[in-house]
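# A look at the structure
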Amino acid sequence: MSEQFPNMDYDADEVINGFKERIKWPKAKEVQAVVKPDRVWLRLLISAVVTAVAGGVIYYMMLPAFNFKDTQMYVFIITLIVVFMAAFSFACRANKLLERKEYVKKKSVIPIIIVAVIVVIMAIGWVCGATIFRAGSYSKLMPVTESKFSEDFKSISYDSVPRIDQSRALTLADQQLGSLSEYKSQYVVSNTTTMINYKGNPVRVAYLEYADVFKWFNNTKEGLPAYMIIDLVTQKVTVVNCKEQFGEGIKYSPTELFNEKLIRHIRFQYPTALLDTPNFEINDDGRPYWITPVLDKTIGLFGGTDVKGAIITDALTGESSYYDIEEVRTNTELQWIDVVYSERLVLEQYNYYGKLQNGFWNSIIFQNDVNLASAGSGSIALDDDVWVYTGVTSSEADSSNFGFILCNQRTKETRYYQNGGAMENAAQQSAQDAVQNYGYRAIFPILLDIEGQPTYFMGLYGSSNTVKGYALVNLEDKTIVGTGLLDNTNKSDAQALNAAVENYIYALQDKGMIGNDVDLDDYIVDDNNPQQPSEPAQTDGKTVKGTVASIKTSVNNGNTYYYLEIDGKYYYISVAECMDVLLVNTGDTVTVTLGDKADGVFIEASDIIK
């Protein structure tokens with residue numbers, strides 16, 4: 001019986017494993033054949049087209065400069081290589097056919113070598129610009145000269161310096177926008193402002209942004225209709241209607257989405273320029289512009305960032321012009337420009353100067369004569385320019401400064417003042433302690449000269465971000481404090497300021513810092529009280545010359561009108577007709593050219609000269 005059946009003496013696992021060996025997919029290392037796909041030229045063409053399309057989209061979003069000193073350019077090139085090889089791999093069906101995968105791998109050698117060379121170039125460029133090797137070059141980026149506090153600050157009056165910071169300026173701008181029904185539902189105030197010296201007055205200018213993408217669709221064709229001027233002394237906010245003043249809105253800004261987006265518009269005009277963040281400014285006629293610093297890397301390939309020029313872009317038309325930095329510094333027609341060197345850049349360059357002037361290792365080990373900019377900085381208007389102010393302290397972050405610097409944001413001129421004393425944050429705390437029962441906060445201070453004494457000046461804020469008063473703190477002795485608050489006694493801003501300086505001078509006299517012969521009248525600021533009498537107005541029938549007793553504003557059809565009270569009558573004019581009216585304050589003497597309309601106490605004006 002057994003002879004009739006086949007031999008069943010075998011192992012079933014061996015049979016199954018043998019079957020698997022015959023049908024299994026070979027491993028990549030076992031494949032010896034490299035099969036070249038047919039019509040390689042077509043696959044290369046498809047890959048090139050895909051890379052071009054993807055590269056265009058990436059460039060549109062990334063906006064690298066075609067400049068060997070821009071790291072983004074190298075990243076962009078590497079990205080293109082990766083996209084091309086991925087597209088070529090799919091075109092050759094390397095993901096489906098193993099022999100095609102081996103072909104693509106062999107053809108990837110050259111792209112990999114190119115990427116490696118790019119990485120090596122970037123590494124060499126970084127090493128050549130590293131501070132450990134080029135400390136001397138970094139320390140010379142910013143020339144610093146010593147200056148005298150008593151000479152430079154004697155022309156700065158404490159009643160003409162900024163009384164509010166950017167945060168408070170934005171709050172005022174938001175409040176003003178909320179009162180304008182034609183704007184408030186469509187736009188918001190940008191969260192950044194630029195401090196400029198506008199016709200001798202420190203102001204901040206802020207542009208509007210679309211409230212959301214749907215508001216952009218509704219309004220982008222006409223552009224942003226207006227911008228705002230916030231006077232940092234009077235705290236008056238003026239909305240300048242660009243359509244009324246210049247006939248068109250702001251078409252190019254950071255809030256646009258496509259080709260009108262500011263940085264993209266400038267990149268297309270200047271494809272090789274290294275661009276810094278644009279600043280919003282206005283010229284003496286109030287026309288809005290974007291000032292974009294053009295950077296250079298002066299040490300190695302990527303180190304030693306400095307400004308080599310500026311691009312001025314008309315915010316209305318988009319027309320741009322490039323000016324070398326020396327022309328920006330010396331051309332009187334460009335002196336209206338205030339911010340070319342950013343606050344971040346000048347503080348970075350000063351820290352290089354303070355840390356590295358005696359070598360890299362000294363900055364880490366011995367730290368002889370090593371100093372740094374203190375935490376925080378402010379801005380003041382001086383010599384028709386805007387200057388960054390900050391204290392100078394040791395590398396160990398002592399509780400006191402041994403000097404301070406001013407740096408011009410248009411020319412980079414930097415002055416060092418050897419006046420030591422309390423750090424800014426210590427002065428802020430001293431001012432807050434003096435009014436601790438109110439819980440007010442102090443803004444970053446500004447240094448002033450009060451009777452030859454370097455003095456910190458700062459505004460005091462309440463929880464609602466409104467100005468509640470002012471404080472003066474002595475630089476050398478932070479216990480000498482004078483405050484003036486807006487309360488039942490000091491009902492106006494000027495009265496609070498007068499009280500602060502009066503209390504401060506008394507405190508200086510009590511400590512024997514100054515004599516008792518100080519004339520307080522030299523420091524009194526006009527109360528700006530509408531009820532106080534003024535000199536009778538003089539008129540020849542065509543003009544009226546007199547003292548402004550009060551100022552009122554109204555908005556009609558999107559245009560801001562100013563009403564100047566002179567000798568009991570109100571002379572009104574729109575900002576669109578006379579930008580100079582923005583500079584008029586209560587107590588100023590002005591000459592008004594009469595218009596055609598006169599209705600009781602309200603008289604039309606055609607021009608106003610301060």
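Residues numbered from 1 in each chain as written. Predicted model: local features only at pLDDT ≥ 70, side-chain atom pairs only at ≥ 80, totals over all residues. Heavy atoms only, no water.

## Re the overall build of the chain
When helices and strands are counted, the chain shows 17 helices and 30 strands. The buried share of the chain, taken over its 610 residues, is 49%. Long-range pairs, those at least 24 residues apart, make up 56% of the contacts in the chain with a sequence separation of at least 6. Per element, the accessible surface of the chain, about 29800 Å² overall, is 52% carbon and sulfur. (Helix = DSSP H or I, 4+ residues; strand = E, 2+ residues; numbered from the N terminus. Buried < 20%, exposed > 50% of the residue type's maximum accessible area, 1.4 Å probe, protein only. Contact = heavy atoms within 4.5 Å. Areas by Shrake-Rupley, 256 points an atom, 1.4 Å probe, with all protein chains shown as cover.)

## Notes on the pattern of salt bridges
Evaluation of the coordinates by the stated rule reveals 14 salt bridges. Among the ionic pairs, arginine 163 bridges to aspartate 493, the shortest N-O distance being 2.5 Å. One end of the pair, arginine 163, is in the loop between helix 7 (149-152) and helix 8 (166-178); the other, aspartate 493, is in helix 17 (residues 493-510), and 330 residues separate them in sequence. Lysine 511 is the partner of aspartate 477 in a salt bridge, and the nearest nitrogen-oxygen pair spans 3.2 Å. Of this pair, aspartate 477 sits in the loop between strand 22 (467-474) and strand 23 (481-485) while lysine 511 sits in the loop between helix 17 and strand 24 (538-539), placing them 34 residues apart in sequence. Each of Asp152, Asp383, Glu413 and Arg415 takes part in a single network of salt bridges with overlapping partners. (Salt bridge = Lys/Arg side-chain N within 4 Å of Asp/Glu carboxyl O.)

## What to know about the side chain of histidine 265
Relative to the elements of secondary structure, histidine 265 occurs in helix 12 (residues 262-269). By relative accessible area, which is 12% here, histidine 265 ends up buried. Not counting residues up to four positions away in its chain, the partners in contact with histidine 265 are Tyr252, Asn259, Thr313 and Gly318.

## What to know about unusual backbone geometry
Phi is positive for aspartate 383, close to 55°, though the residue is something other than glycine. Topologically, aspartate 383 is positioned in the loop between strand 13 (378-382) and strand 14 (385-394). According to the relative accessible area criterion, aspartate 383 is partly exposed, its value standing at 48%. Positive phi, close to 70°, is recorded for lysine 412, a residue that is not glycine. With respect to the helices and strands, the residue lysine 412 is situated in the loop between strand 16 (403-408) and strand 17 (414-417).

## Quick notes on helix 3 (residues 71-91)
If you check helix 3, its first and last C-alpha atoms are 31 Å apart, about what 21 residues at 1.5 Å a residue would give, namely 30 Å. Residues Met73, Tyr74, Phe76, Ile81, Met85, Ala87, Phe88 and Ala91 constitute the buried set of helix 3. Looking down the long axis of helix 3, one finds its buried residues gathered within 165° of arc, a one-sided arrangement. Looking at helix 3, the residues exposed on the side facing more than 90 degrees away from the buried face are Val82 and Phe90. (Expected span 1.5 Å × (residues − 1). Arc of directions from axis to C-beta.)

## Description of the pairing of strand 20 (residues 446-450)
Regular strands show a simple pattern: their side chains alternate between the two faces of the sheet. Burial within strand 20 is extensive, with five of its five residues counted as buried. Of the two faces of strand 20, the one carrying Ile446, Leu448 and Ile450 and the one carrying Leu447 and Asp449 are both buried. Of the pairings in the sheet, the one linking strand 20 to strand 21 (residues 453-461) comprises five bridges and is antiparallel in character. When the bridges of strand 21 are listed, leucine 448 appears paired with threonine 455. Where strand 20 hands over to strand 21, the hairpin turn is made up of two residues, of which glutamate 451 adopts a positive phi near 55°. (Pairing = 2+ DSSP bridges.)

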